[in-house]
Amino acid sequence: MTGNHPSDATLLAYAAGSLPLAHAMVVRTHLALCPDCREAARLGVSLGGALLEDAPPADLAGDALERTLARLDEQEPLAPAQRVPSTIEELATGRWIWLGPGIRLMPLIRRGADGARLDLIRVKPGACLPGHGHTGMELACVLKGAFQDETGEYRAGDFAEGDEALDHCPVALPVDGECVCLISTSGRLRAHSWLARLIQPIFDV
Ligand SMILES: [Zn+2]
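In this text, all values refer to a predicted model and were calculated from it rather than measured experimentally.

## So, the coordination of the zinc ion
Every protein donor of the zinc ion is listed here as His5 (ND1), His30 (NE2), Cys34 (SG) and Cys37 (SG), and their distances to the metal cover 2.1 to 2.4 Å. Given four donor atoms and angles of 102 to 114° at the metal, the environment of the zinc ion is assigned as tetrahedral.

Here you go:
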């Protein structure tokens, strides 16, 4: 049980399969660590199915079935209960790049057609990310250590969620060494410092 969880809207979007893959990966990683949210996502799937069963029949476009079947091939299914990579060792399949003093980033999914990207980030205790915001959503799951920002304190297993209204300067806390997070972002980075402007080109691809 962790203190910070996805919003109902995000869990439902995850259960409905409507989140971009990078965001779904962060939710899925939190679900692997949080039985309560796993159960909530499972109920969301059942509820969605029940609502569809109760919905009055509607006229469908002629190619609706074809389009639905085509969608099944678009992404791997994100069944909440399946075994998913949730440890740093399992997730860290790329190369760490230097982002600033005490900060390293490993890109995992580049920004695709859905506009979202996925990264691992590790930050030494006391180091802070340069002040920034995003024009879209930012989701994070803490895998190790802890950080705090303007919205609160997050420890291993916790889930942090921000939208375009969030502007923050996350700082790693001296808990269990480096803070390592899986982070998905959509939209452009809004830089509020010279260092953030320096790393903006890395984030905007
Ligand atoms: Zn949870």
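Having seen the structure, we can now continue with the description.
## What to know about helix H2 (residues 21-33)
Over its 13 residues, H2 extends 19 Å from the first C-alpha to the last, a length consistent with the 18 Å expected when each residue adds 1.5 Å. With 10 of 13 residues buried, H2 is to be regarded as a mostly interior element. When we look at burial in H2, the residues that qualify are Ala22, His23, Ala24, Met25, Val26, Val27, Arg28, Thr29, His30 and Leu31.

## A closer look at the environment of proline 170
Considering the arrangement of structural elements, one finds proline 170 in the loop between strand S9 (167-168) and strand S10 (171-172). The spatial distance from the C-alpha of proline 170 to the C-alpha of threonine 151 is 9.4 Å, given a sequence separation of 19 residues. If near-sequence neighbours (up to four positions away) are discounted, proline 170 is found in contact with Ala127, Cys128, Leu129, His132, Phe147, Gln148 and Asp149.

## Some points on the UniProt feature "domain: Putative zinc-finger" (unreviewed entry) in the chain
As annotated in UniProt, the feature "domain: Putative zinc-finger" (unreviewed entry) corresponds to residues 12-38 in the numbering used here. Between the end C-alpha atoms of residues 12-38 the distance is 12 Å, and the span holds 78% helix and 0% strand.

So, how was this worked out
- Residues numbered from 1 in each chain as written.
- Predicted model: local features only at pLDDT ≥ 70, side-chain atom pairs only at ≥ 80, totals over all residues.
- Heavy atoms only, no water.
- Donors = N, O, S within 2.8 Å, 3.2 Å for Na, K, Ca; no water.
- Tetrahedral: all angles 85-135°; square planar, octahedral: opposite > 155°, others 65-115°.
- Helix = DSSP H or I, 4+ residues; strand = E, 2+ residues; numbered from the N terminus.
- Expected span 1.5 Å × (residues − 1).
- Buried < 20%, exposed > 50% of the residue type's maximum accessible area, 1.4 Å probe, protein only.
- Contact = heavy atoms within 4.5 Å.
- UniProt positions renumbered as here; feature names shortened; annotations may be inferred.

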